[in-house]
Each structure stands twice: as C-alpha cells, then as structure tokens.
Amino acid sequence: MKFISSLINRRFFRRIPLILLFLVIFSATALAANGSISGKITDKTTHAPLTGANVVIVGTSLGSAADAEGNYKIDNVPIGTYTLQITYIGYPQAARTVKVEAGINVVADFEMMETGIMADALVISASRRAEKLTDAPASIGIISARAIDEFPAFNPGELAAYLKGVDYVRAGVLGTGLNIRGFNSAFNSKNLQMNDARLSTLVATGLPLGAMSTTVKEDIERVELILGPAAVLYGPNAHNGLVNTITKDPRYSEGTTFALGGGNQSVFSGRLRHAKVFNDKLAFKISAEYTRGSEFAYTDTVYSADGNTAYDELLLDRDFDSMRGESALYYSLKPGTDLILAGGYSNSNNLGITNAGRNQIKDWQVYWGQVRYVSPHIFAQVYNTWSKTEDTYAINQRTRNYWSFKNAGFSEEESLRRSLHEEWNTYYGIGLNRESNFKDDSRRINGEIQYNNNWSGFEVIVGGQWQRDIADSKGTYLLDANGAIELDQTGLYTQIEKQLADTGLKFMLAMRADDHELYGANFLPKAAILYSKPGSGTWRVTYGRGIAAPSILNLSANIFGGLLLGNGDGFTLSDGSKIKPLEVETINSYEIGYKGIINTKLFIDVNAYYNMSENFLSPALNIANAAGGVLVTHRGDQPIEEIGLPAFVLTYLNFGKVNTFGFDLGLNYYINDYYSLMLNYSYFNYDLDENDPLNDGNRDGKVTPTDLPINSPKNKFSVGLNMRKNKYFGNVFARWVQAYDFFSGINVAAADAPDLIIGGDPVLENARVGRDFNEGPLGDFLNVDLSFGYHLSPKLSIGAHVTNLFDTKVREFVASPVIGRLISGEIKFKF
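One structure accompanies this document, and this report is about it. (Residues numbered from 1 in each chain as written. Predicted model: local features only at pLDDT ≥ 70, side-chain atom pairs only at ≥ 80, totals over all residues. Heavy atoms only, no water.)

Our next topic: the overall build of the protein. Check the secondary structure of the protein and you find seven helices and 57 strands. Computed over the C-alpha atoms, the radius of gyration of the protein is 30 Å, within 12% of the 28 Å expected from 2.2 N^0.38 for a compact globule of 831 residues. Its C-alpha atoms give the protein principal-axis dimensions of about 110 × 75 × 55 Å. Looking at the protein as a whole, 54% of its 831 residues are labelled buried. A separation threshold of at least 6 residues defines the contact pool for the protein, and within that pool the share at least 24 residues apart is 63%. As displayed, the protein offers around 34800 Å² of accessible surface, 58% of which is attributable to carbon and sulfur atoms. (Helix = DSSP H or I, 4+ residues; strand = E, 2+ residues; numbered from the N terminus. Rg over C-alpha atoms; globule rule 2.2 N^0.38 Å. Buried < 20%, exposed > 50% of the residue type's maximum accessible area, 1.4 Å probe, protein only. Contact = heavy atoms within 4.5 Å. Areas by Shrake-Rupley, 256 points an atom, 1.4 Å probe, with all protein chains shown as cover.)

Let us look at the nonpolar core. Counting residues in each nonpolar core, the largest one holds 29 residues, and the members touching the most others are I140, L192, M194, I226, A230, Y234 and L242. Elements supplying a minimum of two residues to this core: β11 (139-143), β14 (191-195), α4 (231-234), β32 (505-516) and β33 (520-533). Among the elements that take part in this core, α4 stands out by supplying four residues, more than any other. In this structure, I57, Y88, Y91 and M112 belong to the second largest nonpolar core, which totals 22 residues. (Core = buried A, V, L, I, M, F, W, Y, C linked by side-chain atoms within 4.5 Å.)

The buried fraction of strand β48 (residues 728-737) is high, at seven of 10 residues. Of the pairings in the sheet, the one linking strand β47 (residues 715-725) to β48 comprises 10 bridges and is antiparallel in character. Its bridge partner lying in β48, K725 is registered against Y728. In textbook terms, the turn of a hairpin is the stretch between consecutive antiparallel strands, and for β47 and β48 this stretch comprises two residues, one of which, N726, has a positive phi near 55°. Examined bridge by bridge, β48 and strand β55 (residues 781-793) share 10 bridges and lie antiparallel to one another. Bridged to F729 within β55 is G789. (Pairing = 2+ DSSP bridges.)

The full count for this structure, using the stated rule, is 23 aromatic pairs. Relative to W424, the ring of F410 has its centre 4.9 Å away and its plane inclined at 65°; by these criteria the two rings are edge-to-face. Linking F410 in the loop between α5 (395-406) and α6 (412-419) with W424 in strand β27 (residues 422-425), this pair joins segments that are 14 residues apart in sequence. Every member of this aromatic cluster is reached through a ring pair, and the members are F183, F616 and F655. A cation over an aromatic ring shows up here: R398 above the ring of Y393, its NZ or CZ 4.8 Å from the ring centre. Above the ring of Y674, the side-chain terminus of K725 is found at 5.6 Å from the ring centroid. (Phe/Tyr/Trp six-rings, centres within 6.5 Å; stacked < 30°, edge-to-face > 60°. Lys NZ or Arg CZ within 6 Å of the ring centre and 35° of its normal.)

Moving on, we come to empty space enclosed by the protein. Under the counting rule described, the total for this entry stands at 12 cavities of 30 Å³ or more. Its boundaries defined by the atoms lining it, the second largest cavity holds a volume of some 500 Å³. For the lining of the second largest cavity, the elements supplying multiple residues, two or more each, are β14, β26 (378-394), β29 (437-455), β30 (458-471), β31 (485-500), β32 and α7 (552-556). Counted by class, the lining of the second largest cavity contains 16 nonpolar, 16 polar and six charged residues. (1 Å grid on protein atoms, 1.4 Å probe; cavity = no way out; pocket = protein on both sides within 12 Å on 5 of 7 lines; lining within 4 Å. Points joined across faces, edges and corners; volume = space filled by probe spheres on them. Nonpolar A, V, L, I, M, F, W, Y, C, P; charged D, E, K, R; others polar.)

Looking now at α6. If you check which residues of α6 are buried, you get S415, R418 and S419. Looking straight down α6, one finds its buried side chains confined to an arc of 105°; they lie on one side. Those residues of α6 that are buried lie in contact with α5, β27 and β28 (430-433). (Arc of directions from axis to C-beta.)

Further remarks concern the sheet that holds strand β15 (residues 198-199). Strand order in the open sheet formed by five strands is β11-β16-β17-β14-β15, with mixed pairing between adjacent strands. Each edge of the sheet is formed by a strand with only one pairing partner; in this case those strands are β11 and β15. For strand β16 (residues 220-227) and strand β17 (residues 241-247), the ladder comprises seven bridges, and the chain directions are antiparallel. Bridged to L225 within β17 is V243.

Written as structure tokens, this is what we have:
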C-alpha cells in the first residue's frame, strides 16, 4: 500500500500541470468550435424592454430569458443553423433563422408588437400550463399587461367590458362585476375568481373579493377569463367560468412604479410598486394602494313591514376608501425551480349590494399568506386566507329596525343603538332579534400539489387539492353561536392531452373527483377534440361538467334572528314531510369553437354552446304554511324553537332544470402597426319548461320568470378602436346592451308585467314591488368610453379616461344608481 501511494504521489502529481494544461487547451478548442447568440428584445412601439421574454433554440435544450434591460445571451452553441424562437405572454410568437459559426457571437435583436391579433399569445388558465391561445381547449379572453398599464384609472376590472361573452355590470363609481352565460344575481358566486393560483373569494359566502381584493393594478401581469365550466382543474364554483389574475414576477419586472390618479366624484388613487433583484437567487416585490372617492347620489328605498311607508336608508355613507397591498419573496433553488413566499392585506369601506338590499361595509379586512413551490414538473402550495369585520351592517334591515323603535316612541339614541340587533314588535311590546350587524372572523386553509410530464407524447397533469373553511360570524349571520363552523373538502384531478403527429388533431380528456363534508362526492369529466391546420386556425369541440356548490351561508345561515336559516341539514314539517338538504347545482356544457387568423389581418374567435343545468339554488322561501296548519318542527335533529319560529322559516331549496344556449363572436382586425379594430357580439337564450312543476322555485303552483331568473341580456354588442402610435396610445369603445329583467332576492328591475305578482304586488315600472322600488329593466343603453395617453418618456406617461362620454342613462344593476359620466386622469412614473 505504501508503494502504491508513493507511486501515485510521485507519478500522478508530477503530471498535474500537464493534465491541467491539456484540459485548458481542450476546453478552449471545444469552446472555439462553438459560438453564441445574443440580442435585445423590446416592444416595437414603446421600445421598452420585454423583461423575462423566453428565448429558445428550437430542437435543443438551449435557451435564455431577457433581463431587466431586455438583453439575452446563449453561450456554447454548437456550429449550425437554428431557429430562434421568442415567446412572451400577451405577444405573438416571434422566430428567426440564425447561423452559428465557430468563435463568433451572432446578434439577433427582436422588436415585438403587441396588437389585437392574439392568436399566438400564451395562456395558462385552460390547461394550467403554458400554451398558445389557439391551442387552448376553451374560449379564453385576455386582458394584457399593456392594456392594464395604459388604462388611466384605478380599477382594471373595467377592462372586462372589452371581452366577448362577458356580462359586465357597473354598480357605481367603485363597484364593477361580471357574469358569464346567464344566472346573474346580487349574490353571485358562480364565476370563480383566482389570483396566482389562490382563491380570491370570501370564506362564508363564496363571493369574489372584488373591491376588497389585495392586488394592486401595477402588479398585474395579465387577466385570463375562461367562458364556460372550468371546474375539473379548479374545483367547485368554476361553474359558469373562471377569472384568473396573474401578477408580475419581480425578476422580470425590476424597478419602481408610482402612479397618481384622480377624477370626479372626489376620486383619488395613489399606487406604488417596487421590485428588486438582489442576485441570481433572490428577488423581492412589494405593492401598495390607497384609493378613496364618493358614490353617486342615490338612495335605495326601504319599506316598512306593512309596505305603507317608504324610508331613506339609515346613516347612509356614500364615501368609499380602500388600502391594499401585497409582497412576495422569490428564491431560486436552482434554474427553473422556485420557492415563493407571498402575502397580502386590504381594508375596505364601501357600499355592497346583496339580495336583501345594500350593506354598509365598515373596515372589512382581508389578508392572506401563501407559500408556492414551482418547478418544471411539480407545483405545490399552501395558503391561508382571513376575513375580518366588526361593524358592517345590513342597511335595509337596520333602517326597518330603527323606525320600528322611533315609531313606538323610543329616543333617537336608543333607536339607533338597538337598531343593530332588534326590531320592536308593537303587538307583543318586545324587541325581537333582527340582527343587522354582520361580524366576520373567518379563515380558509388550502393546500395543493400537482405533477405534470410528457410520456411518449402524452401530456399528463395529475393533482390534488384540500380545503378547510372555518367560518365564524360571532353568531351574527350564521348558526355558529357555539363556535366556528368547520367544513373540509378534497379534490383529485387529472388531465391527459395527445397530439397526433402530422394530422393536426389533439385530444384532451380530464376528470375530477370531489368530496365535501356536507354535500358528498361529485365526479366531473371534461373532453375536447382540437383540429389545427397551418394557416387555417383551430377548430374545437368540448364537453365539460361543472358544479356550483352551496356556500356556508346557504348551508348554515341564521339571518335576522332565525327568519332565514341555511339548509345544510334539511327540515321536518309538522305534517311529517321532509325538506332535503341542499345539493350542488350542476351544468353540462357542450361547445364548438374556432380561433384563427385570416390573411394575417383578421383574428376570429367564435363559439357556440348548449348548456343543461339542474338543481338550481332557489331564492329564500318560506317552507311553513301557518294558515294551512303546517309548521316547521326541526332543522336536522334540532327543534326549530331553539333557533327560529315554527310558523315562518325562510330557507334555500334545490329545484328545476333549464337549457341555455348561445354564441359569442370576437373579431380583431389589425389595420396596421398603429391601429386595430375590435368587435364583439353575444347572443344568449334559454328553454324553460313552464309545465314542469319541478321548475316552480317559489312553490306557488305555477312557473314564472321569478322562479328561475336568467338575469342576462339576450343580445349585446361592442366595438372598439385601439391606437398606439409613436408615443401616443388610446382607444374608443362603445357597448350596447339590450333591455332585460332582473330579479334577485327583494331586488326587482323589470318591465311592466301586471300578471306577475311579487310580495303581493304586481310588477309595474316606477312603483313599489314587494320590498323594492322597481325602476324598470336594466340595459337598453349605448355607452361610449374614451381613453387617451402619452408617453412623455420611457419612464413617464400621462393619460385620461372618460366613462360614459355622452352622459347617457346607463343603469346596469339593481339597488344601484344610473351611471353618469366619470372622468379620471393619471400620471405614472417608472424608475
């Protein structure tokens, strides 16, 4: 052993300098035999760097990404001729042939033009992985980063009005909302909203956060909107569609953005975003916003219990304000694999619309924390969402409570104080529990893991999701007086895609199994066939099944002192009959669509669909019949006297079925490098069997429009012209919506229908109907918006936006004012 060691020591180590010299010469020779490719990727109009643009040498594993200045470089490229491909979300794909020679750097710069021709744009929402828009097995609308950046107002949700197939509504200066393919309401949770793979909804109600969102406009990379069911990959309540917001990666958006905006209705908005790349491992971003303003002067009439007296809303505060912000830390474990820690917070004061009038939202806080692991094949996350408020109240109920005390001779101070919790009953001489104060201290915990890979040409995705809802209203609007309500649900999903070589055909099959603690198991399939031909676009046929799950509020409500009780456990009546617990609402959707470019100028996106829906969630109904001697005895196993009144219990039921159908057409015409034209048209209709007693939602013995309110216009049309020339940008956009009736809870907005009785009153325009004043149908307007801006420099821009340019009568939602002209201006600095 000593001899061998001695030999190695003497002979080997003497040769180390020679070995090292040989390796250096060999490496230099090898490197000299290769070349490199470098360049800069910028926007053709603004010349701004497209940070993060992906650069790939087709057919190899070599690639790069553009840095903060738009520069990229690929070293050690073997000699040869290659196709260099550039992709960037929201921009058409670009490619160029390059010839690499030994020891030479090839320069290949790219100027990419974002236009309305979005056929080659990348999206991720349809299949939860990046794919071309035309290859996606769904109808998708995109609000691009450029559109958001150049929109000179604080609420990017307004841009949803520019998308085909979307029922966009505006309820005031602050409030905007959207619906997809019918069945809208003042309490609509059928369109799932997500931010960075995280549910962006309230815990107890399932409603989208909307104005309570924590995301700041300047941090939004893009918004993708799926028309039709997307429940297989995203879970319950992606029933009619999905709104997916993706925020910016700080590694590809480094710098500081500061925006100041203002307008009429005393609107002011200040927003800040900062992103910093510390090194090739660590990056950070933070964003913050403060916005305030005042709603239009409008009062929603409140009627006394006997309907004979009308009151103004009590203590109505039209001023709104919000603070919001998010931060995230990105750590690269290795190239392509990241660990992301993020959190967000918002505090909101505003007016919210419900099925029972308006709520005065007071210091409602939402905050969340999220950890994500992202790699080429594995995605995993866990996140926690909290919702808190102490002083929010139902304006309609509190107003009625207040006047019941005032009219009985109580003092102003006592009437105000007791109106939060009681209504005075003159007959019995006591205060009844009619809680109008809503408290919330709810929490949601979510976990998910997903794996994807390609096996023999099969693109496979498998994943699992777990969710625990912990709803706590402190006994103010839920059956949680003895502690928070906890509900668990689990979902498993898989998707398989196969492209058949040289045929243009692609097949997709997906399925999901869900299990909920209360409403049990559900199976959701989805399938699609796509046919693509170069130069001719992509045809697709899809089938999907979706569900709308009852919210915790539907299952466990205890509103206004037991007048409205959730139906999570069923009810027993005194005649022995049973009311079944709520089940999920289901939809089976069939769709055919086409996306493609004609003559390099015109992008067409058209789809036609047929939906079969059943097991709708009814409006709140009285299941007792005191006059007929039928009372409620139990909710589940609990005697009704412990929580409500045997003679009067409002609750929710499943009922009926309806078929809906329609089509959406979107045309984008590329005039030249500076101008593009867009046109959208949507048609929607339904087939309701009025002879089917199962469709009698309110159980009055006949089927009427209020049993199954569609709440959607039959026809809507929009047209817009976009301009980006040199340093100027802007657009003009016109939207027409056909008149339509809208029924939601106590809210009525409908044309004259004397034979239709609601709350004992015939439906007549400009008259009281039940507990609401009917101002007539929604829609029936032509609205024109105008935006204009100018880039003073690459780092400074100014812009202005006018909503309802001609100040026409635009009424888009119940319990809401006519939307007058809104003017906003904004200045934005980028460092």
